[in-house]
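Chain by chain, the residues run as shown.
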Amino acid sequence: GQQVMQIPQYQHVQEGEDFTTYCNSSTTLSNIQWYKQRPGGHPVFLIQLVKSGEVKKQKRLTFQFGEAKKNSSLHITATQTTDVGTYFCAGPMNSGGYQKVTFGIGTKLQVIP
Amino acid sequence: NAGVTQTPKFRVLKTGQSMTLLCAQDMNHEYMYWYRQDPGMGLRLIHYSVGEGTTAKGEVPDGYNVSRLKKQNFLLGLESAAPSQTSVYFCASSYSSLAGGYEQYFGPGTRLTVT
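Each value, and the rule that gives it
- Residues numbered from 1 in each chain as written.
- Chains lettered and ligands numbered in written order.
- Predicted model: local features only at pLDDT ≥ 70, side-chain atom pairs only at ≥ 80, totals over all residues.
- Heavy atoms only, no water.
- Contact = heavy atoms within 4.5 Å.
- Salt bridge = Lys/Arg side-chain N within 4 Å of Asp/Glu carboxyl O.
- Polar contact = N/O pair within 3.5 Å; in protein donor to acceptor, adjacent residues only side chain to side chain.
- Helix = DSSP H or I, 4+ residues; strand = E, 2+ residues; numbered from the N terminus.
- Nonpolar A, V, L, I, M, F, W, Y, C, P; charged D, E, K, R; others polar.
- Pairing = 2+ DSSP bridges.
- Axes fitted to C-alpha atoms, helices over the stretch in contact; angles between N-to-C directions.
- Buried < 20%, exposed > 50% of the residue type's maximum accessible area, 1.4 Å probe, protein only.

Side note on the interface of chain B and chain A
Thought 1: Tallying the contact residues gives 25 residues for chain B and 22 residues for chain A.
Thought 2: Linking chain B with chain A are zero salt bridges.
Thought 3: Remark: the boundary between chain B and chain A carries two residue pairs in polar contact (both at pLDDT 80 or more).
Thought 4: In terms of residue count, strand S5 (residues 42–51) of chain B provides more of the side of chain B that touches chain A than any other element does, five residues in total.
Thought 5: Among the residues forming the side of chain B that touches chain A, the class breakdown is 15 nonpolar, eight polar and two charged.

What follows is the structure in structure tokens.
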């Protein structure tokens, strides 16, 4: 079935360095969403991308949706300790007439002060 | 608004015991979901509901049952708990399916340990 692959699974960076996580799907996605989960917390919605080649920014975070709508990335510029957490991408999946959701495995980001 | 709430926050069960996890949302969302989160496995969908009175199986439904008798509530039941069901369980809700473009709102989670 459709899967959403996410890499890397873990990333340690020095504070101030940049960070990128990648999400890839075997099939074309109608949209993709990104979530952040702080340690001990629950996933929180960050953004949704819909259009081919779309780029959206939230302060130091830049989100991209590939031209073929099969991949996406999240880039953080100049990481801060507040960026610590796990970042998930999520894509829709059709199954039996209902819409389901597939989450990537997540990228756990650790920022070293 | 409380958003999505989950009861209980923590629970320890012995193998073979049963329990029900309660999820409630006050946002009038049609869709509700139950996920489990295990280290290195990400979020895996257990069951979901597209409206009051309807339920459907997700990725890992075995050993779980669900009910959606009221629009605002989504119950997850474990009839005979097994150690493999030790996990953190998250409930989520949304206006529509992800394919429709509406984000999911997650509850705080229930940490379940089965000994």
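Regarding the sheet that holds strand S6 (residues 55–58) of chain A
The pairing of strands in a sheet comes from backbone hydrogen bonds and takes either a parallel or an antiparallel form.
Residues and elements named next belong to chain A.
Thought 1: Strand order in this open sheet of five strands is S1-S3-S8-S7-S6, and the pairing throughout is antiparallel. Of all the strands in the sheet, just strand S1 (4–7) and S6 have a single pairing partner and so form its edges. Neighbouring strand axes in the sheet, compared pairwise and without regard to direction, differ in orientation by 15° on average.
Thought 2: Where S1 meets strand S3 (residues 19–25), four bridges bridge the pair, whose relative direction is antiparallel. Looking across to S3, one finds that Gln 6 is bridged to Cys 23.

Looking at the pattern of salt bridges
All names here are of chain B.
Thought 1: With the rule as written, the count across this model stands at five salt bridges over all chains.
Thought 2: Salt-bridge contacts for Arg 36 lead to Asp 38; the nearest nitrogen and oxygen are separated by 2.9 Å. Here Arg 36 and Asp 38 have matching classes, each one buried.
Thought 3: Where Asp 38 meets Arg 44, a salt bridge forms, and the shortest distance between an N and an O atom there is 2.9 Å.
Thought 4: By relative accessible area, Asp 38 is classed as buried at 11%.
Thought 5: Among the charged side chains, a salt-bridge network with shared partners connects Arg 36, Asp 38 and Arg 44.

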